[in-house]
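What follows is the residue order along each chain.
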Amino acid sequence: MAQINNMAQGIQTLNPNSNFHKPQVPKSSSFLVFGSKKLKNSANSMLVLKKDSIFMQKFCSFRISASVATACMLHGASSRPATARKSSGLSGTVRIPGDKSISHRSFMFGGLASGETRITGLLEGEDVINTGKAMQAMGARIRKEGDTWIIDGVGNGGLLAPEAPLDFGNAATGCRLTMGLVGVYDFDSTFIGDASLTKRPMGRVLNPLREMGVQVKSEDGDRLPVTLRGPKTPTPITYRVPMASAQVKSAVLLAGLNTPGITTVIEPIMTCDHTEKMLQGFGANLTVETDADGVRTIRLEGRGKLTGQVIDVPGDPSSTAFPLVAALLVPGSDVTILNVLMNPTRTGLILTLQEMGADIEVINLRLAGGEDVADLRVRSSTLKGVTVPEDRAPPMIDEYPILAVAAAFAEGATVMNGLEELRVKESDRLSAVANGLKLNGVDCDEGETSLVVRGRPDGKGLGNASGAAVATHLDHRIAMSFLVMGLVSENPVTVDDATMIATSFPEFMDLMAGLGAKIELSDTKAA
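All figures in this text were calculated on a predicted structure; none of them were measured in a lab.

Colleague: Could you clarify how one ought to interpret the nonpolar core in this entry?
Modeller: What tends to happen in soluble globular proteins is that the nonpolar side chains get buried as a cluster. One finds Leu353, Leu437 and Leu451 to be the most contacted residues of the largest nonpolar core, which totals 79 residues. No other element matches the eight residues that helix H9 (residues 317-329) contributes to this core. Those residues within four positions of Leu451 in sequence are excluded, and the remaining contacts are Ala404, Thr414, Val415, Met416, Leu419, Leu430, Val433, Ala434, Leu437, Cys444, Asp445 and Glu446. With 65 residues, the next largest nonpolar core counts Leu122, Ala171, Met212 and Leu286 among its residues.

Colleague: Hey, could you run me through the sheet that holds strand S21 (residues 371-379) in this one?
Modeller: The strands that make up a sheet pair up through hydrogen bonds in the backbone, lying either parallel or antiparallel. Read across the open sheet, the four strands follow the order S6-S19-S21-S20; overall the sheet is mixed. Looking along the sheet, the strands with just one partner apiece sit at the ends: strand S6 (91-95) and strand S20 (359-368). Taken over all neighbouring pairs, the strand axes of this sheet differ in orientation by 15 degrees on average, direction set aside. Of the strand pairs in this sheet, S6 and strand S19 (residues 334-341) are connected by five bridges, and their pairing is parallel. Along S19, the bridge assignment pairs Arg95 with Leu338.

Colleague: Honestly, the sheet that holds strand S9 (residues 148-152) in this entry has me stumped. Any pointers?
Modeller: On the basis of which strands lie adjacent, the open sheet formed by four strands has the order S8-S9-S7-S18 and mixed pairing. The strands lining the two open edges of the sheet, one partner per strand, are strand S8 (141-145) and strand S18 (310-312). When strand polarity is set aside, the average angle formed by the axes of neighbouring strands in this sheet is 20 degrees. Two strands pair when backbone bridges link them, and strand S7 (residues 116-120) and S9 are joined in this way by five bridges, in the antiparallel orientation. Within the sheet, the bridge partner assigned to Thr120 lies in S9 and is Thr148.

Colleague: Which parts of the structure should I look at to understand the packing of aromatic side chains?
Modeller: Two descriptors summarise a pair of aromatic rings, namely the distance from one centre to the other and the angle between the planes of the rings. Tallied over the entire structure, the rule returns six aromatic pairs. Geometrically, the ring pair formed by Phe168 and Phe191 is stacked, given 5.9 Å between the ring centres and 15 degrees between the ring planes. Of this pair, Phe168 sits in the loop between strand S10 (166-167) and helix H4 (172-183) while Phe191 sits in strand S11 (residues 188-192), and the two are 23 residues apart along the sequence. For Phe168, a relative accessible area of 0% corresponds to the buried category. The rings of Phe322, Phe505 and Phe508 are connected pair by pair, giving a single aromatic cluster.

Colleague: Got a minute to help me understand the pairing of strand S13 (residues 223-229) in this structure?
Modeller: Each regular strand shows side chains that alternate between the opposite faces of the sheet. Two elements, S11 and S13, share four bridges in a ladder whose sense is antiparallel. Paired with Thr190 across the two strands is Thr227, which belongs to S13. Direction of pairing for strand S12 (residues 215-219) relative to S13: antiparallel, over a ladder of five bridges. Bridging from a neighbouring strand, Gln215 pairs with Arg229 of S13. Where S12 folds back onto S13 in an antiparallel hairpin, the turn is made up of three residues, including Gly221, whose phi is positive at roughly 80 degrees.

Colleague: Sorry if this is basic, but what is going on with the confidence of the model for the chain here?
Modeller: Do not read the predicted coordinates in detail wherever pLDDT is low. Of all residues in the chain, 85% attain a pLDDT of 70 or more, and the chain-wide mean is 86. Considering only residues more than four positions removed or in separate chains, one finds that residues 1-76, a stretch of pLDDT under 50, has 187 contacts.

Colleague: Looking at this structure, how should I read the packing of H9 against helix H13 (residues 476-486)?
Modeller: Contact geometry of H9 with H13 gives a least axis separation of 9 Å together with a crossing angle of 15 degrees. Here H13 runs roughly parallel to H9, going by the angle between their axes. Helix-helix and strand crossings are classified by hand; for H9 and H13 the assignment is right-handed. Residues Ser318, Phe322, Val325 and Ala326 of H9 form the contact with H13, whose participating residues are Arg477, Met480, Ser481 and Val484.

Colleague: Can you walk me through the packing of helix H12 (residues 429-439) against H13 in this structure?
Modeller: Two numbers describe a pair of packed helices, the interaxial angle and the distance between the axes. Taken N-terminus to C-terminus, the directions of H12 and H13 make an angle of 25 degrees; their axes are 11 Å apart at the nearest point. Our classification of the angle between H12 and H13 gives roughly parallel. Relative to H13, H12 is oriented so that their crossing is right-handed. Across the interface between the two elements, Arg429, Ala432, Val433, Gly436 and Leu437 from H12 touch His476, Arg477, Ile478, Phe482 and Met485 from H13. Residues that form the contact of H12 with H13 fall into these classes: six nonpolar, two polar and two charged.

Colleague: Any chance you could explain the pairing of S19 here in plain terms?
Modeller: The element S19 is largely enclosed, with a buried count of six among its eight residues. Direction of pairing for S19 relative to S21: antiparallel, over a ladder of six bridges. Of the residues in S21, the one forming a bridge with Val340 is Ala374.

The rules behind each value
- Residues numbered from 1 in each chain as written.
- Predicted model: local features only at pLDDT ≥ 70, side-chain atom pairs only at ≥ 80, totals over all residues.
- Heavy atoms only, no water.
- Core = buried A, V, L, I, M, F, W, Y, C linked by side-chain atoms within 4.5 Å.
- Buried < 20%, exposed > 50% of the residue type's maximum accessible area, 1.4 Å probe, protein only.
- Helix = DSSP H or I, 4+ residues; strand = E, 2+ residues; numbered from the N terminus.
- Contact = heavy atoms within 4.5 Å.
- Pairing = 2+ DSSP bridges.
- Axes fitted to C-alpha atoms, helices over the stretch in contact; angles between N-to-C directions.
- Phe/Tyr/Trp six-rings, centres within 6.5 Å; stacked < 30°, edge-to-face > 60°.
- pLDDT = per-residue confidence, 0-100.
- Parallel < 35°, antiparallel > 145°, perpendicular 65-115°, else oblique.
- Left-handed = near helix turned anticlockwise from the far one by under 90°.
- Nonpolar A, V, L, I, M, F, W, Y, C, P; charged D, E, K, R; others polar.

Take a look at the structure:
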């Protein structure tokens, strides 16, 4: 059980005031027991780990708060419906969990770098933990001391062949980026995931890897399971990204880390630039040029040295969106959200909401770890419909479900175009959002790549008095978006499952309740 110290086996969600604790390994026992603080309404949860060289098939017993325990999603676990009801003014100051994109990359780059990387503020959701497990399976040593994750990396080019498939659960970011990172190595690596991830297209990442000499075995349509084997010497390529995708860009750049020569990525539409910034911070020889038309050319010199860093992960803008929109919509609300990442590629939702009339005050703007960070004071506001610029869609694609909910309470029509990428997220998010809105009385039109929402500022008639549930399709953002809707609508809003929220925002239920939101998990589990 080497290297397992303080790493989360399987899936563990946390109370906002708790941490991962050091496993207590009894002598002559087949159980690993996680210690825990005494938590109110604690519940026991049992899970089976997948058998591989590091995470042996054991049962992990741990105690977590009941409200978060019910949000623990495992492969094949029962669903847990939740209902949100009209709430009074939300108030309080909250700190959002660490940014998901930066958290994934922190585990990956720290695991690959030489020396020690120390991370605070890491998002400890299932998706990120699965990325950490993958890096540990390939030789990185990862542990947690207090609030700090400590990684002893293998050095660039030093990853080891995993002895079992790398299971990413629901984490497309972790899966696709790791394909790039390890795919060019001259050994087999197999990638698997849950039912949702298995349906998602991987060809967008696999195609450039094929150009670099990687052998690919996959299911029909380049879907999981996928097995990769790199060549003796990978070929550096110049790759023009065919769609606006930070994941594709990043996968090619990460493949370039262990490829001799210069790997070049041409990005016609800028997406989030965390990979470029963080690789430069770890010491990679990476340059970015932007021409007069905004086309970016990114060049990375392969097989250079990466050095461990100290990282403080700022709050996730995508997770911030849910309490932020709730505070805008619930009358009488006044909420402050601390330590929010304000990278210009991640602020599209805030800008759009401000154009709709949102009272969002950006305070204490500062630079932390090379990224813009700020606190946000959000007050309830009267919103009006707008036409969202289509070029804003790529960098804020994950925020459109909650934007659609905000639009449901705005005066007039909100028009959203360029949404084709929503079709291939954890679910067909475009259809899921449109169907959920219609189920709850919202007037909207779904196009092939567009959504038009005509709002009702008073919320009259919205929600579903009969209790019919929104189909979430295992999608955490669909679940959280419609639970926010229920805080404002005349009738309650129910989602058919809230367990998958743990993949990205395990503290969601407790955080929202602390602000005064009325959200209840069902006492019974659906089969």
